[in-house]
Every structure is written in C-alpha cells, then in structure tokens.
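Results of the structural survey
Single-letter residue listing:
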Number of protein chains: 2
Amino acid sequence: MERIKPRTLSGFMELLPAQQAKLEQFLSVLRRDYSLYGFTPLDTPVIESAEVLLAKGGGETEKQIYRFTKGDSDLALRFDLTVPLAKYVALNYGSLSFPFRRFQIGKVYRGERAQRGRFREFYQADIDIIGDGKLDIANEAEIPSIIYRTFTDLGLSRFVIRVNNRKILNGFYALLGLSEQSGDIMRSVDKLDKIGPEKVGAILREELGLRPEAAEEILRFIAIRGSNAEVLAALEAYRGKNALFDAGLEELKAVTAFLPEFGVPEKNFAVDLTIARGLDYYTGTVYETTLTDHPEIGSVCSGGRYDNLAEYYTDKPLPGVGISIGVTRLFYVLQEQGMLSDTLVTAPADALVIPMTDDLRFAVSTATALRNAGVRTQIYTEKKKFKAKMSYADRLGFPFAVLIGEDEIAQGMAALKDMQTGEQRLLRPEDCARAVAEAMAVRRGGNVIKE
Amino acid sequence: MERIKPRTLSGFMELLPAQQAKLEQFLSVLRRDYSLYGFTPLDTPVIESAEVLLAKGGGETEKQIYRFTKGDSDLALRFDLTVPLAKYVALNYGSLSFPFRRFQIGKVYRGERAQRGRFREFYQADIDIIGDGKLDIANEAEIPSIIYRTFTDLGLSRFVIRVNNRKILNGFYALLGLSEQSGDIMRSVDKLDKIGPEKVGAILREELGLRPEAAEEILRFIAIRGSNAEVLAALEAYRGKNALFDAGLEELKAVTAFLPEFGVPEKNFAVDLTIARGLDYYTGTVYETTLTDHPEIGSVCSGGRYDNLAEYYTDKPLPGVGISIGVTRLFYVLQEQGMLSDTLVTAPADALVIPMTDDLRFAVSTATALRNAGVRTQIYTEKKKFKAKMSYADRLGFPFAVLIGEDEIAQGMAALKDMQTGEQRLLRPEDCARAVAEAMAVRRGGNVIKE
C-alpha cells in the first residue's frame, strides 16, 4: 500500500498527552472562574457565512481569513469570538435577557505567516457583558476582579492588571486640539515601554508633526505614575476643561473605588495612562494584563468597554464590556519559559490496576469499585511481564498502582502502591478507593503555572 | 450604515443559553466518565492537509468534505475524529505509551444536504484504545461498561448495548461459501428490524441471487435470540466448522464473561447477530446502542474492534477498539422527543445578588464572599426597579436571590431568597454562601435526560 507521510500543519498546536492534560487543566480554571462570575457558556459555529462574518469588512484581518465556497455558499472560518457574539445577540435579541453575560472558549482561525509562537488555529477565551441600551459602570469595575481571580487560580501572583479609560485619552487629546490625530498618537505612545520617552517624543514631533509644546504635554501626561490614589490625584489637575475627560475620570474613579470589595489587591492593579488598545470600538475603560517578570510577553488578557457591539447587524444600541485571553499563545509562551508546573498529575487516571494472574475477574471488579467511588482508573490488561507493566505505570505518571496477584485474590484484597513514596498497603477494594480519593483530593490541588 | 441581516448557516446548531447549559452538562458527563476509565483528553486541529486527511480516499465521505486552498495549501476540515487519531498515533508513535487510551470530543464537518436533524457541523465524542501490535480482548470487554456508565449517568435506564463479532459473521458466511458476498448480505440483514425476515429473505434470493437453502440458513442464524447464555449456546452448534467463526465465538464469550465484574446488568446488554456495522475496518467485536423506547433513533453509540488504525500512514500494526457518540444529533433528537430534563439548573449562576441601594459596596463584598466559597454568583448592577430585577432573576431561573437593602447593609446581613420555595432568611454573607452551596450540591445532582 502507498503510504502518506503523517503530518500536522504548521501553525496548528497539537500536544502530546501530558502537555494536553496541562492545557485541559488550564481551560478548566477558566471555565470554573468565568462560571463563578455568572457567565453562561456559549458555543457558535466555526463556519459562518462570509457576508455575515465580514460585515465590518476591510482591514488587515480580512487578508488572513480562511474563506472558501461550498456549493453556492461563500463561507469563512471565524477569526475571533466577538463578531459571532455580535451576530448571536442581534439574531436572538428577543430571546435573551439583558445584561447578557456569556463566556466562550473556542478555536479561531487566522492565516498568519507561519513563525515560531504564531498560531493559525488558536483558542480564545472571552467573556462579555452586553447591556440593552445601557450598561452600568459597575460592570467595568467587576472585570479586574475576574482577571485577578483567574490568574491567581492559574498559579500566578506577579501580574498587574493595567487600566485606563478611552474617554480620558480622547478628552485629553481634544484639549490639545489633536482629536483627529489621536489614533496615531496613541499608537506611538503605546511604544513607550519599548523605546522610551525620548524616541516617542521624536516620533510625535517629527513623524506626526506635533508642536514641541504639545509633544511635551503628552509626554508629561503619560509619565504620570504612582499608586492609584496618586495617579487619580494627578488627573484631577486636568478636570473642568473637557467634558469627555471629566466623564472618563469619573468612570476611572468608580472602577478603582470597588477594588477592595471585589477582593483585588492594590499590588495587582495599576492605572496606566499609556494603555489605549488599538481597536477603534473601545469607548471607555480598557484593560491589559502583564506578567511582572515577563514584560516581553506583552498583554496576556485585554479588553475594554464598547458602545455598539452589533452595529453592523442591528440598529439597537448594545453597549458592552469584555476581555479575551489568547490561550494557545499564552500556553505556548509559558511552556517555552518553563513556567508550566511539572508536579501536576497528567496521567490518564489516578490508579492503574495491574493484574498479575491470567484470571482478570478480581482485577476488573476492583477497578469497578474504584470507578464507582469516582476514582479515575485504568486496568492494564496486556499480557506482559510485571516489569513492563510497572514501567508503563511509571512512564505515564500514575499516582497509584493497584496490584492484584494470587495472594490478593485469595484474600479479597488489593496491594495499593503509592508510586511517589513506594509505600505499599494491602486493602479491601473499597478502602483502596477511599485512600486514592483522599490522596488525590490533595495532589490535584496544584496550580497549572509556576512562577 | 448599511446593515447585514444576521443569520446562522443551516445545518449548524447554535443554542440559546438554557439549552446550551444542558448541552454543557451532557458533555461534562461524557468527559467525566471517559476520564473515569483512564482515557486521556486529546485535541487535534480542525484543519488538516487534504492529502493527509484523504489518505484513504474515495467513497461517499469525500464528496461531503469541506476542502479549500489557502495560499499554496490544499486543506480540508476533519470529517471524523478517527482519521486525525490515526495521523496522531502514526506521527507520535515514538512518544506514546501503548496501550494508548484517548478520548476526544470535538466538532467535525460534513457538507450533507441540509435537512431537519442533519448537521454539517456536529460534535463527536470518541474513545479509542490503541495497542502496539497486539491488544487484549479484555479491552473489548470493557467497552460495554463505559457505554453503560455513560448512558446511566446521563439519566437513561431503558437502553440496550448490542454486541456482535465480525469474525462470527465472516466465519459463518465462509461456511456457506458466501465470503465474497458477505458485505452485501450484511447490509441486507441490517434491514431486518425495519422490513422483517420475509423481505430480507426475498432480497437475499432475488437481488443477491443466493440459493434458497443459503438464504434460509442465514435467516435461521440471525433469528437466534434470547438471553446471552441462550444465544451463546445456540452458536455452539456451529462450532468446529470454521476457525474464524470459532475465534469469534471465543471472543464473544470473553466479552460477555466479564459483564458482572464490569457492573453491566444483563438487561442492558444483548448479543445481537444482526449487528454488523457497515465500515470495512471492523474486524472483531462490534457495538451498537439503542434506546428501548425509541428504536426509530437508531444507534446512539457505536463502534468496534479494528486491526489497523493507521495503515495509510505507517506499516506498524496498530489494532484498537473504539466507540463514538454523535452528540449533536443525539442532543437534537432528545430535545425533539422532550427527553431533556426541565428541572436542570440552567441559570448562569446559582445566586443573583440584587442591590436595592445606590451604594453597591456591601452587595459587591457579599458577592465576593459567595464566590470565595465557590458559589457561582452574579451581581445585578443595572439601575432598574425592584420588580424588573426580580423578573430578571425569574426569567433566567436563578435558584437564589440575595437581596441587599438599607436594613441589610446596616446589620451586615443579606436576605437570602430561595426562588423555588419563596422562603427568605436573613444571614451573614458567609452563611449565605454556605446555605447556597449546600442547597446546590443537592439540586445540581439531576440528570440531563429524562425517560
């Protein structure tokens, strides 16, 4: 037979079992924490009508899209989870209750140029809160709490949720008479961390043609640093000159005011006036999250407030706020940095039942007893030498082996071996189940990420 | 602005939140039970190289495939989870430990003609056990136990796991000198339930041109019914005439012998000689699962033993056994039949905190206390009348409301309202959390399916 060389497309992540087990635990934390905040799970098709998906049209994204025809249909694969959400809310407006809070964890597709760490298929994990006409600022205040809990539960403590408000920025640039150039200015200011204030100043003056005083004023503004209280106090100096700025300042104060009640420590939160988020549709609070020891990774969780989720599909104003984690890239980077825990249980089960006789019946009923007690259990049924069976248990990292030989069968007992300590005890099957369940309740508590 | 009419492609399932919550619970049961048997989760790309995906080539499937080019690449969307598994095992052979047990729950794509209940994008939930060169019959014996537990945990009791063995069938047809026609014969016999023995006999004689005695013999064979012991006893009458038949009978006896130890009641299991499974690659035990009260649905979980998982990619013999549930179609049919539970909790959270004052701080810290205790909690922060807030809680089916007014704030207490009974209690936030957690541990116990 002619054989085809098996391969996986470049830019598509496909993990070996132990790494996949870590990714699953990573995703479980997201699912659990998003649910803890009252977001309902949503699932939308990977394929949409191209007309619907590209309603907004244009831009860099369109080139990257996987678009094709099937029969008469012009189809495309989703490139984010926001456009499908907009479609869903516009389509099901009458059946939803607002505020509508949904999370979606799903694969999206972008035909980027293949390079290390860039993926063409990747998971996004999004939450959004959509209001019907209005949406209270308290929702924007809740987002940092969700980010804080999620990253803490993943195992991180050294991260900062950076928050800004587009109204403050737009108001400030209006004050300087630079509203029309504000997009270009924000993109330049965004490079501050990478290239420093002097080079940003040069870009503002030379490339964007700003007056030196205006460039100075901008550099002074984005240099405002300190505790939340200090930054807010410094911003007060600009109050009363522009209504939009003042509204943004009020929103920013509201967002920071709730932090203690939402359980977000000050050390994990910073008002950062350099944050703008490139996308046009953000209109209020914007968020970025950075790992303190790994600024080179960039933002690992970003989002913001927008006024019109679905303007391409409906005339109903649907304001919202949302954040997104680019799971595949983040997981890849954590792996590259050696930041994924190596103490996590990644075995396919907690116990491997190893029969040492030809008659498997007692081994099978022992496995059934373990499973009935909720213990993840595999039976090793291949006819191999004992050493080969134990080496299988070792290689896959089973926490426990349950050995069943003639003596055990005669006594109706099983030899429970802790693969970590080597300790071995003779127990009745139900007691085996209890012992493994108790031990695993502790061992499964570990975090996915180590710092 | 010109607006695009939002729509979802036909043949693509997109659920409203309450239905989606049910599907999520359905999928959770599958994930939990597959894990309980020591299957490791796997995830493979939705897009593969067309050359790799279509290595086997030809057939009805190829016409249905979503195939397209991107740049120079000839790509296709996966149409099942078996071909990607074969590719994965062949590609990662050196890194895997055998037997390799994996489950995968993922979307697959087939451009079928759109009609009610037919989906172009649908979830399959597969498990497979792959051996390296050999795989013990005990693995085939374990499969009914997995099917039994899964469907029981979904809420069903009236279902039958039907088992047969291809060696028995192939041996039997060899006995009759009909090996070459066995494929056609099996496809005719498969219609027995629908059209009855007389019409099957007519097809065998008239369409396939069998001698009347041979047709008689086949009808007699597939009419063998009764308890497992009775069917096995009847099959003993054919023993000693064909080696393949005898091997199949031994395997079938081994599979049924372990049922008590695997905890599968006799009433949920039947040896059924009419089961063949169309696919060529099954070589031993085959499985189908039918709902006793809904034979019209057909098999809801099928699979079998095969000798060569990955022969198109590698010369390594990789025998295996696996089953698959077509989740999307099954879920759709259960919904149509009114068989999805309507007592499941489908709200986005267990508790809705409803502030009745402008100052949200105590409401927020109460929500944080609930979340810290693991209670799924939403805060309703919109400025609406009390009635509108309660109606939101009602519509979404929140089990509990936590009311926070001026009196509650003054006392540092929250009014916990059980939305089912109407009962209301004044409790400290931590006691609220405990009360909700305890109540939900009971209420969340319900099954997804009702019979």
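Here is what the cut-offs are and how they apply
- Residues numbered from 1 in each chain as written.
- Chains lettered and ligands numbered in written order.
- Predicted model: local features only at pLDDT ≥ 70, side-chain atom pairs only at ≥ 80, totals over all residues.
- Heavy atoms only, no water.
- 1 Å grid on protein atoms, 1.4 Å probe; cavity = no way out; pocket = protein on both sides within 12 Å on 5 of 7 lines; lining within 4 Å.
- Points joined across faces, edges and corners; volume = space filled by probe spheres on them.
- Helix = DSSP H or I, 4+ residues; strand = E, 2+ residues; numbered from the N terminus.
- Nonpolar A, V, L, I, M, F, W, Y, C, P; charged D, E, K, R; others polar.
- Buried < 20%, exposed > 50% of the residue type's maximum accessible area, 1.4 Å probe, protein only.
- Contact = heavy atoms within 4.5 Å.
- Least-squares fit on C-alpha atoms with pLDDT ≥ 70 in both.
- Axes fitted to C-alpha atoms, helices over the stretch in contact; angles between N-to-C directions.
- Parallel < 35°, antiparallel > 145°, perpendicular 65-115°, else oblique.
- Polar contact = N/O pair within 3.5 Å; in protein donor to acceptor, adjacent residues only side chain to side chain.
- Pairing = 2+ DSSP bridges.
- Right-handed = clockwise from strand over helix to strand, strands pointing away.
- Left-handed = near helix turned anticlockwise from the far one by under 90°.
- Arc of directions from axis to C-beta.

Let's talk about empty space enclosed by the protein
Summed over the entire model, instances satisfying the criterion amount to 5 cavities of 30 Å³ or more. Of the pockets and cavities examined, the largest cavity occupies roughly 650 Å³. Forming the boundary of the largest cavity are 31 residues, of which A:I105, A:Y123, B:R31, B:I105 and B:Y123 lie nearest the centre. Contributing elements (two or more residues each) for the lining of the largest cavity: α1 (17-36) and β5 (100-109) of chain A together with α1 (17-36) and β5 (100-109) of chain B. When residues in the lining of the largest cavity are grouped by element, the largest group, 6 residues, is from β5(A). Split by residue class, the lining of the largest cavity holds 15 nonpolar, 6 polar and 10 charged.

So, the environment of A:T328
All names here are of chain A. Mapped onto the secondary structure, T328 falls in helix α12 (residues 327-336). When its relative accessible area of 4% is taken as the criterion, T328 is described as buried. It is 9.1 Å that separates the C-alpha atoms of T328 and G117, two residues lying 211 residues apart in sequence. Ignoring any residue separated from it by four or fewer positions in sequence, one finds T328 in contact with M13, F119, E121, F122 and Y123.

Concerning the relation of the copies chain B and chain A
Expressed as a screw transformation, the operator carrying chain B onto chain A has a rotation angle of 180 degrees and an axial translation of 0.0 Å, and the superposed copies differ by an RMSD of 0.0 Å. Taken together, these values place the two copies in the relation of a two-fold axis. Considering only C-alpha atoms, the part of chain B nearest the rotation axis is B:F68, at 3.0 Å. Of the residues that chain B buries at the interface, 100% are likewise interface residues in chain A, meaning the two copies contact each other through the same surface.

Let's talk about the packing of helix α7 (residues 182-189) of chain A against helix α8 (residues 192-207) of chain A
The axes of two packed helices give the description: the angle between them and the distance between them. Residues and elements named next belong to chain A. At a minimum axis separation of 8 Å, α7 and α8 run at an interaxial angle of 140 degrees. On the basis of the axis angle, α7 is oblique to α8. Listed contacts from α8 to I185, S188 and V189 of α7 are L192, V200, I203 and L204. For the contact of α7 with α8, the per-class residue count stands at 6 nonpolar, 1 polar and no charged.

Focus on the side chain of B:Q104
By the element assignment, B:Q104 lies in strand β5. Looking at B:Q104, its side chain comes within polar contact range of the side chain of B:T44, at 3.1 Å.

Describing the pairing of strand β12 (residues 351-355) of chain B
Residue and element names in this part refer to chain B. In terms of burial, β12 is a largely internal element, 5 of the 5 residues being buried. In β12, alternate side chains face the same way, and those of A351, V353 and P355 on one face and L352 and I354 on the other are all buried. Sheet topology note: the β12/strand β13 (residues 377-379) ladder contains 3 bridges and is parallel. When the bridges of β13 are listed, V353 appears paired with I379. Once the chain exits β12 it traverses helix α13 (residues 361-372) before rejoining the sheet at β13, and the crossover so formed is right-handed. Where β12 and strand β14 (residues 400-404) come together, 5 bridges link them in parallel fashion. Pairing of V353 across the sheet is with V402, part of β14.

Notes on the packing of helix α6 (residues 166-175) of chain A against α7(A)
All names here are of chain A. Running from amino to carboxyl end, α6 crosses α7 at an angle of 115 degrees, the nearest separation of the two axes being 11 Å. When you trace α6 past α7, the crossing you get is right-handed. Across from R166, L169, N170 and Y173 in α6, the residues of α7 making contact are S182, I185, M186 and V189.

Some points on the environment of B:M339
All names here are of chain B. Mapped onto the fold, M339 is located in the loop between α12 (327-336) and β12. Between the C-alpha atoms of M339 and V448, which are 109 residues apart in sequence, the distance is 8.6 Å. Not counting chain neighbours up to four residues away, the residues in contact with M339 comprise L156, L291, H294, L334, V448, I449 and K450.

Some words on the sheet that holds strand β2 (residues 47-49) of chain A
All names here are of chain A. On the basis of which strands lie adjacent, the open sheet formed by 3 strands has the order β2-β4-β3 and antiparallel pairing. Every other strand in the sheet has two partners, leaving β2 and β3 (67-70) as the edge strands with one partner each. Ignoring which end each strand starts from, the neighbouring axes of this sheet average 40 degrees apart. Sheet analysis places β2 next to strand β4 (residues 73-77), joined by 3 bridges and oriented antiparallel. Across the sheet, E48 pairs through a bridge with A76, a residue of β4.

Observations regarding the environment of A:L235
Residue and element names in this part refer to chain A. Within the secondary structure, L235 is located in helix α10 (residues 228-236). When the C-alpha atoms of L235 and I224 are compared, they prove to be 8.5 Å apart, with 11 residues separating the residues in sequence. Residues contacting L235, with those up to four places away along its chain left out, are I168, F221, I224, F245, L249, L252 and L273.

Structural notes on helix α14 (residues 386-396) of chain A
Residue and element names in this part refer to chain A. Those residues of α14 that sit buried are K389, M390, Y392 and A393. Buried residues along α14 cover an arc of 150 degrees about the axis, so they all sit on one side. Along α14, exposed side chains directed more than 90 degrees from the buried face belong to K387, D394 and R395. Contact partners of the buried residues in α14: β12 (351-355), β13 (377-379), β14 (400-404) and β15 (414-418).

What is shown is where atoms sit, not what they do.
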